Amino acid sequence: MIPIIPPLLRSVVRTASRLALTGALSIAAMPTLADPREDFLAGLTNDCRGCDLTDVNLKRRDLAGADFTDAILVRANLHRANLERAVLVGADLSFANLNKTILRRADLSGAILIDTMLYESDLAAATMAGAVMNGAMLGNSRLMQANMSGVQLSGADLREARMVGVNLENAVIQGTWFDNVNLSRANLRNALMNPVSMAGAMLRGVDARGANFEQSDLIHADLSNANLEGASLRATRLLQVNLTGANLTGVSFAGAIMPDGTQIPPDPEDVPPAAND
């Protein structure tokens, strides 16, 4: 005997079946969650915030305006890539290859660039405030008008770099080469720059008030019209340095070798005590 299903129950069953089918179709139609890293590597997007891109090869890739906030780009190959106006805030670019890379107006605030290769890179007007750049290789790079305030730049190489108008206020720079660098009109206020090598550097019109150049080598440097008020040049090598028009108010020259080759007597506090017999 075939069971008789009441009309009301049949209606309920049909409605439930339609709802179940609609739900199944909706689930099937739902897009899968995108993987930012995979989409970036596939060229579907230029943004990869927080992605782990360790050892990735991005040579010559056009990444203008890309967002790599907090991304890990350790040992990444970005040789000749275009990163103009890219956002790399807090990114880790340690040991990466950015030789000849375009980074104009890029934001690298707080980025880590330890032992990063930046030879002949273009960082004009870029922001690197608070970045850690110890051991970075920046020879022949373009850093005009860049903001490098508070940067850590020890053991780095900036020989022949163009740094006109750069902001290095409160930077911590030790054991770094600035030979033949053009730092004209740079802001070096309260920067710790000892010891550094600045042989032949162009420092015309710099604002170096309160800066510390102790034990540095500035042979043949041009400090004409520089503001050195309150700076420390103790035990600094100033042989054949041009100080024409410089503001030397309150400058400490104790132990320094002056432009004419004479040496200022060292401060008694700087003289080590004689060994006991």
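Residues numbered from 1 in each chain as written. Predicted model: local features only at pLDDT ≥ 70, side-chain atom pairs only at ≥ 80, totals over all residues. Heavy atoms only, no water.

Considering the overall build of the chain
Move 1: Within the chain, the regular secondary structure consists of two helices and four strands.
Move 2: Helices and strands appear in the chain in the N-to-C order α-α-β-β-β-β.
Move 3: Residue burial in the chain is summarised as follows: out of 277 residues, 43% are buried.
Move 4: Carbon and sulfur atoms make up 54% of the accessible area of the chain, which amounts to about 13,900 Å² in all. (Helix = DSSP H or I, 4+ residues; strand = E, 2+ residues; numbered from the N terminus. Buried < 20%, exposed > 50% of the residue type's maximum accessible area, 1.4 Å probe, protein only. Areas by Shrake-Rupley, 256 points an atom, 1.4 Å probe, with all protein chains shown as cover.)

Re the state of the cysteines
Move 1: This model, assessed by the stated rule, comprises one disulfide.
Move 2: One disulfide in the model links Cys48 with Cys51; its S-S distance is 2.0 Å. Sign of the S-S torsion, about -95° for the bond between Cys48 and Cys51, identifies this disulfide as left-handed. (Disulfide = S-S within 2.5 Å.)

A look at the pattern of salt bridges
Move 1: The tally for this structure, following the rule as stated, stands at 15 salt bridges.
Move 2: Glu120 serves as the salt-bridge partner of Lys100, at 3.7 Å between the closest nitrogen and oxygen. With Lys100 in the loop between α2 (36-41) and β1 (172-173) and Glu120 in the loop between α2 and β1, this residue pair connects regions lying 20 residues apart in the sequence.
Move 3: Relative accessible area serves as the criterion here: at 36%, Glu120 is assigned to the partly exposed category.
Move 4: In this structure, Arg104 and Asp122 form a salt bridge, with 2.7 Å as the shortest nitrogen-oxygen distance. Residue Arg104 is located in the loop between α2 and β1, and its partner Asp122 is located in the loop between α2 and β1; the two are separated by 18 residues in the primary sequence.
Move 5: Residue classification places Asp122 among the buried positions, given a relative accessible area of 10%. (Salt bridge = Lys/Arg side-chain N within 4 Å of Asp/Glu carboxyl O.)

Structural notes on the side chain of Asp67
Move 1: Along the chain, Asp67 turns up in the loop between α2 and β1.
Move 2: Reaching out from Asp67, the side chain makes a polar contact with the side chain of Arg49 at a distance of 2.9 Å.
Move 3: Those residues in contact with Asp67 that sit more than four places away from it in its chain are Asn46, Asp47, Cys48, Arg49 and Val87. (Polar contact = N/O pair within 3.5 Å; in protein donor to acceptor, adjacent residues only side chain to side chain. Contact = heavy atoms within 4.5 Å.)

Looking at the side chain of Asp207
Move 1: Within the secondary structure layout, Asp207 lies in the segment after β4 (196-197).
Move 2: A polar side-chain atom of Asp207 sits 2.6 Å from a polar atom in the side chain of Arg209.
Move 3: Every residue in contact with Asp207, bar those within four places of it in the chain, is listed here: Ala186, Asn187, Leu188, Arg189 and Asn227.

A look at the environment of Asn99
Move 1: Checked against the element boundaries, Asn99 lands in the loop between α2 and β1.
Move 2: On the basis of relative accessible area, Asn99 is assigned to the buried category, the value being 17%.
Move 3: Each residue touching Asn99, except ones within four places of it in the same chain, is listed here: His79, Arg80, Met117, Leu118 and Tyr119.
Move 4: For Asn99, the side chain forms a polar contact with the main-chain nitrogen of Tyr119, separated by 2.9 Å.

Topic: the confidence of the model for the chain
Move 1: For the chain, per-residue confidence averages 90 on the pLDDT scale, and residues scoring 70 or more make up 85% of the total.
Move 2: Throughout residues 24-30 the model reports pLDDT below 50, and contacts reaching past four residues in sequence, or to other chains, amount to zero contacts. (pLDDT = per-residue confidence, 0-100.)

Remarks on the packing of aromatic side chains
Move 1: Enumeration over the complete set of coordinates arrives at one aromatic pair.
Move 2: Ring geometry for Phe40 and Phe68: centres 5.4 Å apart, planes at 90°, overall edge-to-face. Of the two residues, Phe40 is situated in helix α2 and Phe68 in the loop between α2 and β1; the sequence distance between them amounts to 28 residues. Here the two residues Phe40 and Phe68 agree in accessibility, since each one is buried.
Move 3: Above the face of the Phe40 ring, Arg61 is positioned so that its terminal group lies 4.2 Å from the ring centre. (Phe/Tyr/Trp six-rings, centres within 6.5 Å; stacked < 30°, edge-to-face > 60°. Lys NZ or Arg CZ within 6 Å of the ring centre and 35° of its normal.)

Concerning unusual backbone geometry
Move 1: Looking along the chain, the bond that leaves Asn194 and enters Pro195 is cis, with omega of -15°.
Move 2: With respect to the helices, strands and loops of the structure, Pro195 is situated in the loop between β3 (192-193) and β4.
Move 3: One non-glycine residue, Glu120, adopts positive backbone phi at about 60°.
Move 4: The phi torsion at Ala235 lies on the positive side, around 60°, for a residue other than glycine.

Let's talk about the environment of Val87
Move 1: Assignment of secondary structure puts Val87 in the loop between α2 and β1.
Move 2: Through-space distance from the C-alpha of Val87 to that of Asp70 is 9.4 Å; in sequence the pair is 17 residues apart.
Move 3: Setting aside residues no more than four positions away along its own chain, Val87 makes contact with Ala66, Asp67, Phe68, Thr69 and Asp107.

Considering the environment of Arg237
Move 1: Relative to the helices and strands, Arg237 is located in the segment after β4.
Move 2: Along the chain, Arg237 and Ile257 lie 20 residues apart, while their C-alpha atoms are 4.9 Å from each other.
Move 3: When near neighbours in sequence (up to four residues on either side) are disregarded, Arg237 contacts Ser216, Asp217, Leu218, Ile219 and Ile257.

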